[in-house]
Amino acid sequence: MSEKKYLRIAERMALRAIGTTYPNPPVGAIIVNDGRILSRGWTQPKGVPHAEIHAINQIKNKKDIKGAHLYCTLEPCSHEGKTPPCVDKIIEFKFAKVIISQIDKNPLVNNNSVKKLRSAGINVIVKNFGDKVKELNNIFFNSIKDLKPFVTLKVASTADGKIATNLYESKWITNSTSRMIGHKLRSLNECLLVGTGTIRKDNPILDCRLDGLSGRSPDLFVLDRRLNLEHNLKIFSSKNRKIYIFYSDKMKKKILNSKNIKYIKIKELNNVLDINTVIRKISGLGYMTVLVEGGSKLSASLLNENLIDEIAWFRASKIMGNKGINAISNLDIDSIKNLKKFKLISVKSIDNDQLSIYRKK
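Since the structure is predicted, the reported quantities are computational estimates derived from the model, not experimental observations.

A. A look at the sheet that holds strand 17 (residues 342-350). The nine strands lie next to each other as 11-10-9-8-14-6-15-18-17, forming an open sheet whose pairing is mixed. The sheet terminates laterally at strand 11 (261-266) and strand 17, the two strands that pair on one side only. Each strand axis lies, on average, 20° off the axis of its neighbour in the sheet, ignoring direction. Looking at chain direction, strand 8 (residues 191-195) and strand 14 (residues 289-292) are connected through three bridges and run parallel. Directly across from Cys191, in strand 14, lies its bridge partner Val290.

What follows is the structure, encoded as structure tokens:
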């Protein structure tokens, strides 16, 4: 098998971990000896164990590892966190070569592992694994450097951009296949961000309801400025995920956190929660990917502050006209030069719907 194929397999292992590894990045690893793949690993749920250790643990006879090559989509860790440093295990089992896609820009690592491995006589090669691996790693790097997670806005609308009627009817504008893909999107993100309007109107559970992926329902962040949400709503029914409630610092109400529900004060700006502070708080808690499923006001506030990195826009082949609610509310744009600019990445037909993916330029 060619080295190029080893790189692709390591990439697939990293992709397998997307959405499950909070607060660690999704990493893939494979161990090869004499042209034979001994094992494959990927970062496990909640980040433990790391991909390299997951791959090592699957080899029963550890003597088989001596002289092997480790392909890893990110530089192994060199610091003590939830687990001991991966680099120590790599040295202990006498790997001959380690091939990594990128140096880890986390200040706790940042080439330290490469130096340590080379000092132990292990050949280390930094090699381009491809754009997809770079994209995954850069999401992690940016979350550390800028305290900014990768934010995806999901929109489900008519062809003319309406998300509901004036009476807030929205079930269902898009078809069942589009909704299934929407659930897959949830499974690929570490958390959801919603406003209270969405919850009060529809009382959704906001989980992932795909067979085999129900355990990958993302944690939930809710903007509840005035603490109006009742705890008998469906979002509070699951005890297996974390729920964070953002509320105004002007509220004097006494609040008690519970095991899986935490309350976070946020300052107000023009009678709304400061969305920049909200996003920084989410990042500060370790989340690297956020899926937004809010209404038109939340979408507009994020776009106004240039906080949206990607838009997944589902459009049905239906027209509503002006008696409907726009997907995006007022952005106060009065000049073409001030338009929010995105690049169309892909377009996919879903029966009679269409899914367009846009990335921020």
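B. Region of the structure containing a positive patch on the surface. On the surface, a cluster of positive charge is contributed by Lys46, Lys82, Lys242 and Lys262. Classification of Lys242 as partly exposed rests on a relative accessible area of 36%.

C. Molecular detail of a nonpolar patch on the surface. Taken together, the side chains of Ile333, Ile336 and Leu339 define a hydrophobic patch exposed on the protein surface, amounting to about 280 Å² of accessible area. Relative to the elements of secondary structure, Leu339 occurs in the loop between strand 16 (324-326) and strand 17. Look at Leu339 and you get partly exposed, because its relative accessible area is 42%.

D. Molecular detail of the side chain of Thr289. Position of Thr289 among the secondary structure elements: in strand 14. There is a polar contact of 3.0 Å between the side chain of Thr289 and the backbone nitrogen of Glu190. If we skip the residues at most four places from it in the chain, Thr289 touches Ile139, Pro149, Phe150, Leu188, Asn189, Glu190 and Cys191.

E. Fine view of helix 4 (residues 112-119). Those residues of helix 4 lying buried are Ser113, Val114 and Leu117. Down the axis of helix 4, the buried set is contained in an arc of 100°. They therefore lie on one face. Considering only its buried residues, helix 4 is in contact with helix 3 (86-92), strand 4 (97-100) and strand 5 (123-126). Residue Gly121 follows helix 4 closely and has a positive phi angle near 85°.

F. Focus on the packing of helix 1 (residues 3-16) against helix 5 (residues 131-145). Between helix 1 and helix 5, whose axes approach to 10 Å, the crossing angle comes to 40°. The pairing of helix 1 with helix 5 is recorded here as oblique in orientation. Handedness of the crossing formed by helix 1 with helix 5: left-handed. Across the interface between the two elements, Glu11, Ala14 and Leu15 from helix 1 touch Lys132, Val133 and Leu136 from helix 5. Of the residues assigned to the contact of helix 1 with helix 5, the class counts are four nonpolar, no polar and two charged.

Criteria and thresholds
- Residues numbered from 1 in each chain as written.
- Predicted model: local features only at pLDDT ≥ 70, side-chain atom pairs only at ≥ 80, totals over all residues.
- Heavy atoms only, no water.
- Pairing = 2+ DSSP bridges.
- Helix = DSSP H or I, 4+ residues; strand = E, 2+ residues; numbered from the N terminus.
- Axes fitted to C-alpha atoms, helices over the stretch in contact; angles between N-to-C directions.
- Patch = residues over 30% accessible without salt bridge, like charges linked within 9 Å, V, L, I, M, F, W, Y side chains within 5 Å.
- Areas by Shrake-Rupley, 256 points an atom, 1.4 Å probe, with all protein chains shown as cover.
- Salt bridge = Lys/Arg side-chain N within 4 Å of Asp/Glu carboxyl O.
- Lys, Arg positive; Asp, Glu negative; His and termini not counted.
- Charge placed at Lys NZ, Arg CZ, Asp CG, Glu CD.
- Buried < 20%, exposed > 50% of the residue type's maximum accessible area, 1.4 Å probe, protein only.
- Polar contact = N/O pair within 3.5 Å; in protein donor to acceptor, adjacent residues only side chain to side chain.
- Contact = heavy atoms within 4.5 Å.
- Arc of directions from axis to C-beta.
- Parallel < 35°, antiparallel > 145°, perpendicular 65-115°, else oblique.
- Left-handed = near helix turned anticlockwise from the far one by under 90°.
- Nonpolar A, V, L, I, M, F, W, Y, C, P; charged D, E, K, R; others polar.

That's the geometry; what it means functionally is another story.
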